[in-house]
Amino acid sequence: VRKFTDDNSAWADFLISKAALILASIILFAALFHLIAGFEELEKQEQLDFLARDFKTAVDKAGAGNFQGASQGASYCFNEKEVFRALQFDDVKICVSGEYVCLKAESNGRNFSAVRPFAFRILPFEDSLLKEKLRTRFGTDGSEEAPIKANYSEIEAFLQVLGTEEAVLDPEEKISLKKEFVYVKDEKGVSTFGCILIYQ
Amino acid sequence: MKRGFLLLAVFSFISNSISNSISNLLESAKKSVKTNFILMFRDEIGVLEPQADLLSLALGVIGFVVLAALMSQVYLGYEDRSFALENYDSASLLAETLAGAPALKAESSNMLSASALDRLSGHEGIKEREQLFAAFSGNYLFLVEIRTGDERWKWRIEPNNVDSGSFKEGREKLAASVPVVIELNPAESVPGTLTVVLYKTGWN
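Quick caveat: nothing in here was measured; it's all calculated off a predicted structure. (Residues numbered from 1 in each chain as written. Chains lettered and ligands numbered in written order. Predicted model: local features only at pLDDT ≥ 70, side-chain atom pairs only at ≥ 80, totals over all residues. Heavy atoms only, no water.)

Trainee: Explain the overall build of chain A residue by residue, including any values.
Mentor: Scanning chain A from N- to C-terminus turns up 5 helices and 8 strands. Put simply, chain A runs from its N terminus to its C terminus through helices and strands in the order α-α-β-α-β-β-β-β-α-α-β-β-β. The globule rule puts the C-alpha radius of gyration for 200 residues at 16 Å, and the 29 Å found for chain A is more than 25% above it. C-alpha atoms of chain A, sized along the principal axes, occupy 110 × 35 × 25 Å. Taking all 200 residues of chain A together, 42% fall into the buried category. Long-range pairs, those at least 24 residues apart, make up 66% of the contacts in chain A between residues at least 6 apart in sequence. Surface exposure of chain A reaches about 11,100 Å², of which carbon and sulfur atoms provide 54%. Between the centroid of the 24 positive side chains of chain A and the centroid of its 32 negative side chains there is a distance of 3 Å. (Helix = DSSP H or I, 4+ residues; strand = E, 2+ residues; numbered from the N terminus. Rg over C-alpha atoms; globule rule 2.2 N^0.38 Å. Buried < 20%, exposed > 50% of the residue type's maximum accessible area, 1.4 Å probe, protein only. Contact = heavy atoms within 4.5 Å. Areas by Shrake-Rupley, 256 points an atom, 1.4 Å probe, with all protein chains shown as cover. Lys, Arg positive; Asp, Glu negative; His and termini not counted. Charge placed at Lys NZ, Arg CZ, Asp CG, Glu CD.)

Here you go:
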């Protein structure tokens, strides 16, 4: 013990300070790498967000404009977008409902998703199915020749229920965006409102 | 005359001694600085040497923390403004669409009708409001404000099925306006604006 206490070469100081230094360096580098990995995840999320926003804007643009008249059509294809082709995911699932568009993907065991709501009334199926469902519920298909005789609130509630089911879209194929008008007849006359149909 | 010579001699003696002492002082200061510099470079005692790596690591950690703090600040700033950045286009699209709504227009012209606006913003316009907002999904919580350019007339149209507290003043919101022409009566039309005020909800 005496020999140990009389030793002035400070080898213990040296070893402890170097060990602390190595430990601190490891922690610092781990934090740096974690930050960089976080940026990669953020970029992936940003890509999905961009695509969801772009699709939402395309749908909203299809819904904007006239309140009555002939039905209008537009189309959208995810595969035509450069951002979609540059995505760092193996598989992207695209779901659409009457309320929102949702893009889901997985990378390195982590799930990513981007959801954007639509501004206009959306239904995730084609016009023939809409007419059939309206005919089943209200007796007429809501066309200009055969307007629906019901309250707006009743029709809106029915369409809202119809829109709750999610439709899965194929990103390789074109998606049709069609604005269809539903005609409603009341004591004041015939009025109309538009719905955007999203289907493949 | 003798006294004058004596004074001159005393004065010259004093000035000479002052200038000598100043130059000596400067010389010694110069020498000491020079010696200190030389000493600093030749000093092998190593006061800071064993802790130099610790100091550099501390500087590295401080730099990293500052960088992380700056980046989080930038991200938080973007998050704060993301509602306005993301939804302005939607608000603008809604305003453009609503400016063309037949329910707001006069029958005879393509202008907004003051009487239609009176009806839509009043209690009796429940059915008209229902028809006007039927084309929009309930995801976006918005109201429509129409005002004349001189601020004399102002109408506020809110959807029917919305809680009264939804349009509180403190809530985060954004607005987009389009210019319109309002027909006050068949003889008078004035310019104005149609504004869509979009409120933040759980969706956006």
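There is more to say, and it comes next.
Trainee: Give me unusual backbone geometry: which residues, what numbers.
Mentor: Its identity is not glycine, yet Asn 108 of chain A carries a phi of approximately 50°, on the positive side. With respect to the secondary-structure elements, Asn 108 of chain A resides in the loop between strand E3 (100-107) and strand E4 (110-117). Its identity is not glycine, yet Glu 151 of chain B carries a phi of approximately 65°, on the positive side. Secondary-structure assignment places Glu 151 of chain B in the loop between strand E2 (141-148) and strand E3 (154-157). Classification of Glu 151 of chain B by relative accessible area gives exposed; the value is 52%.

Trainee: A description of the pattern of salt bridges should follow, citing residues and the corresponding values.
Mentor: Residues and elements named next belong to chain B. Applying the stated criterion across every chain yields a total of 21 salt bridges over all chains. Notably, a salt bridge pairs Arg 119 with Glu 128, separated by 3.6 Å at the nearest N-O pair. The partner of Arg 147 in a salt bridge is Glu 145, and the shortest N-O contact between them spans 2.8 Å. Through salt bridges that share partners, Glu 145, Arg 147, Glu 151, Arg 156 and Glu 158 make up one connected network. (Salt bridge = Lys/Arg side-chain N within 4 Å of Asp/Glu carboxyl O.)

Trainee: Go over the packing of helix H2 (residues 11-63) of chain A against helix H2 (residues 52-99) of chain B, please, and point to the residues and values.
Mentor: At their nearest, the axes of H2 of chain A and H2 of chain B sit 12 Å apart, and the two run at 10° to each other. Relative to H2 of chain B, the element H2 of chain A is oriented roughly parallel. Within the contact of H2 of chain A with H2 of chain B, the residues separate by chemical class into 16 nonpolar, 2 polar and 8 charged. (Axes fitted to C-alpha atoms, helices over the stretch in contact; angles between N-to-C directions. Parallel < 35°, antiparallel > 145°, perpendicular 65-115°, else oblique. Nonpolar A, V, L, I, M, F, W, Y, C, P; charged D, E, K, R; others polar.)

Trainee: So what's going on with the interface of chain B and chain A? Residues and values would help.
Mentor: Between chain B and chain A, the contact holds 28 residues from the first and 37 residues from the second. Taking the shortest distance from any N to any O, the salt bridge between Arg 116 of chain A and Glu 86 of chain B comes out at 3.1 Å. On inspection of chain B and its partner chain A, the count reaches 11 residue pairs in polar contact (both at pLDDT 80 or more). Elements with a minimum of two residues in the side of chain B that touches chain A: H2 and helix H4 (126-133) of chain B. At 13 residues, the largest contribution of residues to the side of chain B that touches chain A is made by H2 of chain B. Within the side of chain B that touches chain A, the residues separate by chemical class into 17 nonpolar, 6 polar and 5 charged. (Polar contact = N/O pair within 3.5 Å; in protein donor to acceptor, adjacent residues only side chain to side chain.)

Trainee: Let's hear about the side chain of Thr 97 of chain B: which residues, and what values?
Mentor: Residue and element names in this part refer to chain B. Mapped onto the fold, Thr 97 is located in helix H2. Since its relative accessible area comes to 3%, Thr 97 is described here as buried. Among the polar contacts made by the side chain of Thr 97, one reaches the main-chain carbonyl oxygen of Leu 93 at a distance of 2.7 Å.

Trainee: Please set out empty space enclosed by the protein residue by residue, giving values where relevant.
Mentor: Which parts of space are left empty comes out when a probe the size of a water molecule is rolled across the atoms. Across all of its chains, the model carries 1 cavity of 30 Å³ or more by this definition. Considered as a void within the structure, the largest cavity measures approximately 70 Å³ in volume. Lining the largest cavity we find 11 residues, and of these Gly 63, Phe 120, Lys 179 and Gly 194 of chain A together with Ala 135 of chain B sit closest to its centre. Class assignment of the residues belonging to the lining of the largest cavity gives a composition of 5 nonpolar, 5 polar and 1 charged. (1 Å grid on protein atoms, 1.4 Å probe; cavity = no way out; pocket = protein on both sides within 12 Å on 5 of 7 lines; lining within 4 Å. Points joined across faces, edges and corners; volume = space filled by probe spheres on them.)

Trainee: For the nonpolar core, give the residues involved together with the corresponding values.
Mentor: One finds Phe 55 and Ile 198 of chain A together with Phe 142, Ile 182 and Leu 194 of chain B to be the most contacted residues of the largest nonpolar core, which totals 61 residues. Among the elements that take part in this core, H2 of chain B stands out by supplying 7 residues, more than any other. Look past the residues within four positions of Phe 55 of chain A in its chain and what remains in contact with it is Tyr 76, Phe 78, Val 96, Val 101, Phe 118, Leu 169, Ile 175, Leu 177 and Ile 198 of chain A. (Core = buried A, V, L, I, M, F, W, Y, C linked by side-chain atoms within 4.5 Å.)

Trainee: Can you break down the sheet that holds strand E2 (residues 92-96) of chain A residue by residue, with the values?
Mentor: Residues and elements named next belong to chain A. Within the open sheet, the 4 strands sit side by side as E4-E3-E2-E6. Their pairing is antiparallel. The open sheet has two free edges, formed respectively by E4 and strand E6 (167-169), since each of these has just one partner strand. Across this sheet, the average inter-strand angle for adjacent strands is 25°, counted without regard to direction. In this sheet, E3 lies alongside E2 in antiparallel orientation, the contact comprising 5 bridges. (Pairing = 2+ DSSP bridges.)

This is a description of form; function is not addressed.
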